[in-house]
Amino acid sequence: NFHFPITSEQYQDIILDEKTESLFSDITSVDILGFKANKSYEEILEKVPKNNEAVDCFLGEVEKRKVVLCIMNFKFIGGSMGSAVGEKISKAIHLAGEKNCPIIILCQSGGARMQEGALSLMQLSKISTHLAKFSKKGGLYISILTYPTTGGVTASFGMQADITIAEPKALIGFAGQRVIKQTTSQELPDHFQTSEFLKEKGFIDFVVDRKNLKNSISKVLDVLA
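Note that the coordinates shown come from a computational prediction; the quantities given were computed from them, not determined experimentally.

Structural notes on the sheet that holds strand β4 (residues 103-109)
The strands making up a sheet associate through backbone hydrogen bonding, with each pair oriented either parallel or antiparallel.
Working step 1: Taken in spatial order, the seven strands make up an open sheet running β1-β2-β3-β4-β5-β6-β7, and their pairing is mixed. Each of the sheet's edge strands pairs with one partner strand only, and the pair in question is β1 (21-23) and β7 (206-207).
Working step 2: Here eight bridges tie strand β2 (residues 55-62) to strand β3 (residues 65-72), and the two strands are oriented antiparallel to one another. When the sheet's bridge partners are listed, Glu61 is paired in β3 with Lys66.

Spelled out as structure tokens, the structure:
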């Protein structure tokens, strides 16, 4: 019953009703900085599927309630945050405000994308700013944390929602356990940085099995949307 990473298409089937509209698929990553290390960023981007990105955005419905849904794609460079990801999610938040509907962001990411340097980190504050404006206008934001959700995504919009849902036993954290252990010189609990641990500490509202995800979101929308 381990919740392995799955595709955007599979999450669409789980969360949304049948009719969906794909959004902003023309926005894709480019090698802005001319990054070169063991392998250039351009070479990495050439090997990923065309018109694919580390986040997919959709306009659809959950039990006939209109929502904007963003699904991060871990198979695209570890679901890492790049400029294209920041732009797509920001546009999705703006669209949710225009449509007067909730936004749902499903997080599945290793954090910032090193090949884009500071430009990647800027996307975290960019998305957070758009979410703050959305919230100020009364918008509802639901975050779904899956395996894994780490780094800057956890430190920003992953934990910025009105309602935060996590899948069972998902790895959720900022720095890695080894780094934390070396920094604090303390032994960490066995279930440290899991959904269940974070729920105990009050960071997460619900831990929900994938098969019950749509029903749980629907109940939240019934109460808050």
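A few points about the packing of helix α1 (residues 8-15) against helix α8 (residues 213-224)
Working step 1: Packing of α1 against α8 leaves a shortest axis separation of 8 Å and a crossing angle of 55 degrees. Taken as axis vectors, α1 and α8 run oblique relative to one another. On α8, the residues touching Tyr11, Ile14 and Ile15 of α1 are Leu213, Lys214 and Ile217.
Working step 2: A breakdown of the residues in the contact of α1 with α8 according to their chemical character gives five nonpolar, no polar and one charged.

With respect to the nonpolar core
Working step 1: With 40 residues, the main nonpolar core has Val68, Ile89, Ile103 and Phe157 as its most contacted residues.
Working step 2: Those elements giving two or more residues to this core turn out to be α2 (41-47), β2, β3, α3 (83-99), β4, α4 (117-136), β5 (141-149) and α7 (195-200).
Working step 3: Sort the elements by how many residues they give to this core and α3 lands first, with six residues.
Working step 4: Residues within four places of Ile103 in sequence aside, it is in contact with Val68, Cys70, Ala92, Ile93, Ala96, Leu131, Phe134, Leu140, Tyr141 and Ile142.
Working step 5: Core analysis: the second largest hydrophobic core is formed by 21 residues, Ile6, Phe58, Ile144 and Ile217 among them.

Basis of the calculations
Residues numbered from 1 in each chain as written. Predicted model: local features only at pLDDT ≥ 70, side-chain atom pairs only at ≥ 80, totals over all residues. Heavy atoms only, no water. Pairing = 2+ DSSP bridges. Helix = DSSP H or I, 4+ residues; strand = E, 2+ residues; numbered from the N terminus. Axes fitted to C-alpha atoms, helices over the stretch in contact; angles between N-to-C directions. Parallel < 35°, antiparallel > 145°, perpendicular 65-115°, else oblique. Contact = heavy atoms within 4.5 Å. Nonpolar A, V, L, I, M, F, W, Y, C, P; charged D, E, K, R; others polar. Core = buried A, V, L, I, M, F, W, Y, C linked by side-chain atoms within 4.5 Å. Buried < 20%, exposed > 50% of the residue type's maximum accessible area, 1.4 Å probe, protein only.

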